[in-house]
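Chain by chain, the residues:
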Amino acid sequence: MDQPLGNDRTATARAHSNIALIKYWGKRDAALNIPAVGSISLTLDALSTDTRVTFRSGLEQDEFWLVGTRADATRASHLLDIVRDSSGVGSRAVVESTNNFPTAAGLASSASGFAALAVAASAAAGLSLDDRELSILARRGSGSAARSLFGGIVELYAGTRDDGLDSFAEPVLPPETWPLTVVVAITELGQKSVNSTAGMGGSALTSPFYPAWVDTGKDDLAAMRLAIANRDFEQLGELAEYSCLKLHGLMMSTRPALLYWNAATMAAIHAVYELRASGIPVYFTIDAGPQLKALCLPEHAGTVADALGQVAGVQETRISTLGHGAQLLP
Ligand code: PMV
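Note that the coordinates shown come from a computational prediction; the quantities given were computed from them, not determined experimentally.

Asks: Account for the packing of aromatic side chains, naming residues and giving values.
Replies: Centre distance and the angle of the planes are the two values used to describe a pair of aromatic rings. Scanning the model with the defined rule gives three aromatic pairs in all. On the numbers, 5.5 Å between centres and 80° between planes, the contact of Tyr 157 with Phe 168 is edge-to-face. With Tyr 157 in the loop between strand 8 (153-156) and strand 9 (169-173) and Phe 168 in the loop between strand 8 and strand 9, this pair connects stretches of sequence that are 11 residues apart. Look at Tyr 157 and you get partly exposed, because its relative accessible area is 27%. With relative accessibility at 8%, the residue Phe 168 sits in the buried group. Aromatic pair Tyr 273 and Phe 284: ring centres 5.8 Å apart, planes at 70°, arrangement edge-to-face. Pair noted here: Tyr 273 is in helix 7 (residues 263-277) and Phe 284 is in strand 11 (residues 283-285), with a separation of 11 residues, a long-range link. Looking at Phe 284, the relative accessible area reads 0%, which means it is buried.

Put into structure tokens, the structure is as follows:
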């Protein structure tokens, strides 16, 4: 924890973003933010958030500063309230977050942000939570954040309990065990149009595909666990593309439709197919936005980044290896 100033209680944490191979979409409890399906992700070394939390007596409301600019504190306050309730710390807090990637690039995943916030806020409040408790706390902020507590390959369980205490993430493989690489193709600068909580709510209410999505989630997780245990990259890639396209089919069948892709996203998908036809094992995945993430082995990362960089509409590419879990910073 940082040195306290006066009555301030402060701590700073870093967490990396992650990209799901088997996707989460839909909540079985919206108030407790419990996912309806489990998910499996890769933690990304190249994309991280540093967050400092300072509980300060005399503050009238929580303040959230994102890269030096005051931003809406509602979602951060929700997580801080949980920390205040369990620690007895009554003061409001200043939350200062910075990303090591351009915030306007639409990569500002809530995953790294809420994971860093959970670790920093609980430490600043003097709570000593274990990894499971921290993962549950981060999940209350954003489902994908539960996974960013850990490095490498990570699984988030949907669980069955009403209180959500069995819905937490655990590491599946540490980052060094299987050196996978992700090439991010940025096709659009700017924020996404419909946030994931609103989008998921819409899919659950209106898509005729939603029950099938929830029913088949367990099979996808089991198949992915097997691919990982066998270090079978082709199987991992095929399953990741399948889960991604199944998710986007669900999104497109939502009313009003959630169509997150732009023309460059589609062109990048075809570029991945062409690379694969030329013998390079590379697969894509896409979240609730227009950026494409290509999964490949380290020896092909340069070729994949070059090819995606030449796709019309791709503005920038970034190469990431697998990252480590969230940690407190000195
Ligand atoms: O954690 P949220 O609420 O931002 O939702 C994440 C949803 C997806 O990114 C589309 C899928 C996933 O599992 O990360």
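Asks: Hey, could you go over empty space enclosed by the protein for me, with residue numbers and the actual values?
Replies: This model, assessed by the stated rule, comprises one cavity of 30 Å³ or more. Roughly 50 Å³ of volume is contained in the largest cavity. For the largest cavity, the full set of lining residues is Ile 22, Lys 23, Val 37, Gly 38, Trp 213, Gly 217, Asp 220, Ser 243 and Lys 246. Among the elements of the structure, helix 5 (210-229) and helix 6 (233-252) are those that each provide at least two residues to the lining of the largest cavity. If you tally residues by element for the lining of the largest cavity, the top one is helix 5, at three residues. Here the lining of the largest cavity gathers at least three residues from each of two domains, domain 1 (9-176) and domain 2 (181-321).

Cut-offs and rules
- Residues numbered from 1 in each chain as written.
- Predicted model: local features only at pLDDT ≥ 70, side-chain atom pairs only at ≥ 80, totals over all residues.
- Heavy atoms only, no water.
- Phe/Tyr/Trp six-rings, centres within 6.5 Å; stacked < 30°, edge-to-face > 60°.
- Helix = DSSP H or I, 4+ residues; strand = E, 2+ residues; numbered from the N terminus.
- Buried < 20%, exposed > 50% of the residue type's maximum accessible area, 1.4 Å probe, protein only.
- 1 Å grid on protein atoms, 1.4 Å probe; cavity = no way out; pocket = protein on both sides within 12 Å on 5 of 7 lines; lining within 4 Å.
- Points joined across faces, edges and corners; volume = space filled by probe spheres on them.
- Domains from an automatic or database assignment.

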